[in-house]
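Listed here are the chains, written in short residue letters.
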Amino acid sequence: MSYLKRGGGSLDYLPYRLAESRLLFRGPKPDLKGRFVAFLGGTETYGKFIPEPFPDLIARETGCASVNFGVLNAGVDVFLSTPAVLQVAQRSRKTVIQLPGAQNLSNRYYRVHPRRNDRFIGASNVMKMVFKEVDFTEFHFTRHMLGVLAARAPDRFKILKDELQQAWVARMKMLVNIIGGEIILLWMADHSPDDRQFHHDVGHDPVFVKRDMLEILRPLVSDIVEVVASEAALSKREEGMVCGEMERVAARRMLGPAVHEETATRLVKYLA
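Rules used in this analysis
Residues numbered from 1 in each chain as written. Predicted model: local features only at pLDDT ≥ 70, side-chain atom pairs only at ≥ 80, totals over all residues. Heavy atoms only, no water. Salt bridge = Lys/Arg side-chain N within 4 Å of Asp/Glu carboxyl O. Buried < 20%, exposed > 50% of the residue type's maximum accessible area, 1.4 Å probe, protein only. Pairing = 2+ DSSP bridges. Helix = DSSP H or I, 4+ residues; strand = E, 2+ residues; numbered from the N terminus. Axes fitted to C-alpha atoms, helices over the stretch in contact; angles between N-to-C directions. Contact = heavy atoms within 4.5 Å. Arc of directions from axis to C-beta.

**Q** Looking at this structure, I do not really get the pattern of salt bridges. What am I missing?
**A** Inspection of every chain in the model, using the stated rule, returns 14 salt bridges. Here Glu245 makes a salt bridge to Arg248, at a shortest N to O gap of 3.2 Å. A relative accessible area of 60% places Glu245 in the exposed class. Connected through shared salt-bridge partners, Asp194, Arg211, Glu215, Arg218 and Glu226 make up one network.

The following block contains the structure:
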């Protein structure tokens, strides 16, 4: 599998809508009549700045069509609120779910946008009572808000983090039970779920997700595949990306084409 050289422009993602959904998925629009593997996930599954994200690489290797339902900055909520995606996933030969972070879902403390799950909509009365000194009107994104709260009130922040982790497990159980069939959960990150230094870090995806949360889900799925990006792949994360000058900062936060290669290689044997 070869890499493309980074160009001066941006990728054409050939966006399309599925049925009545308002979400835009990466095209070309798939043919859903034959056998296929459905991929649900966030920005990495979508393949932002990546000419051939791992679902495409897997389709080329296995010869089985891949349907990419990656959504930028997706949390669990975006899929639970999109029946068209759930119905297609129920018909798939297998479904791969890239594990999302716990920050982008509505919970007892705050609400997120139903389609753009990284957007902070508002704090509940409970949240305002716990963090009385905070003006929540200054926040527009969940990651920014959580980073500020963690720095200002680390002791109280643990209460919020526990709520997010519990909500994440409950919502993920709901998702896999609705889809049913053969489901593979994909851990795709620059660290292991066992690495404690990232358990409280809002800067590394999947945010707040750790080993014991995965083990709760294990009996409900066929497999959990862990892809921890190698140092070699991370060192060349920008090689092969396609983005404009204004997008370079955002592109540097992505795992990169080499990690997509590693992910595809790891997943192929589960999907062949």
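Continuing now.
**Q** When you look at the sheet that holds strand S6 (residues 183-189) in this model, what are you seeing that I'm missing?
**A** For sheets, the rule is that strands pair by backbone hydrogen bonds, running either parallel or antiparallel. Taken in spatial order, the five strands line up as S2-S1-S3-S6-S7 in an open sheet, and their pairing is parallel. Looking at strand neighbours, the two that pair on one side only are strand S2 (65-70) and strand S7 (223-228), the edges of this open sheet. Going from strand to strand, the sheet's axes swing by 20° on average, the running direction of each strand aside. Pairing between strand S1 (residues 36-41) and strand S3 (residues 94-98): four bridges, direction parallel. The partner of Leu40 across the bridge, within S3, is Ile97. In this fold helix H4 (residues 83-91) packs onto S1, S2 and S3, with an angle of close to 140° to the strand it touches most, S1. Helix-sheet contacts for helix H11 (residues 257-271) involve S1, S3, S6 and S7, and the interaxial angle to S7 is about 160°.

**Q** Help me understand the environment of Ile178, please; the structure alone is not making it clear to me.
**A** By the element assignment, Ile178 lies in helix H7 (residues 154-179). Taking the C-alpha atoms as reference points, Ile178 and Leu267, 89 residues apart in sequence, are found 23 Å from one another.

**Q** Mind showing me how you'd approach helix H2 (residues 54-62) here?
**A** Because the α-helix completes a turn every 3.6 residues, residues three or four places apart line up on one side. Among the residues of H2, Phe54, Pro55, Leu57 and Ile58 are the ones counted as buried. Seen end-on, H2 carries its buried residues on one side only, within an arc spanning 160°. Buried residues belonging to H2 abut S1, helix H1 (43-46), S2, S6 and H11. Note on H2: the residue one or two positions beyond its end, Gly63, has a positive phi of about 80°.

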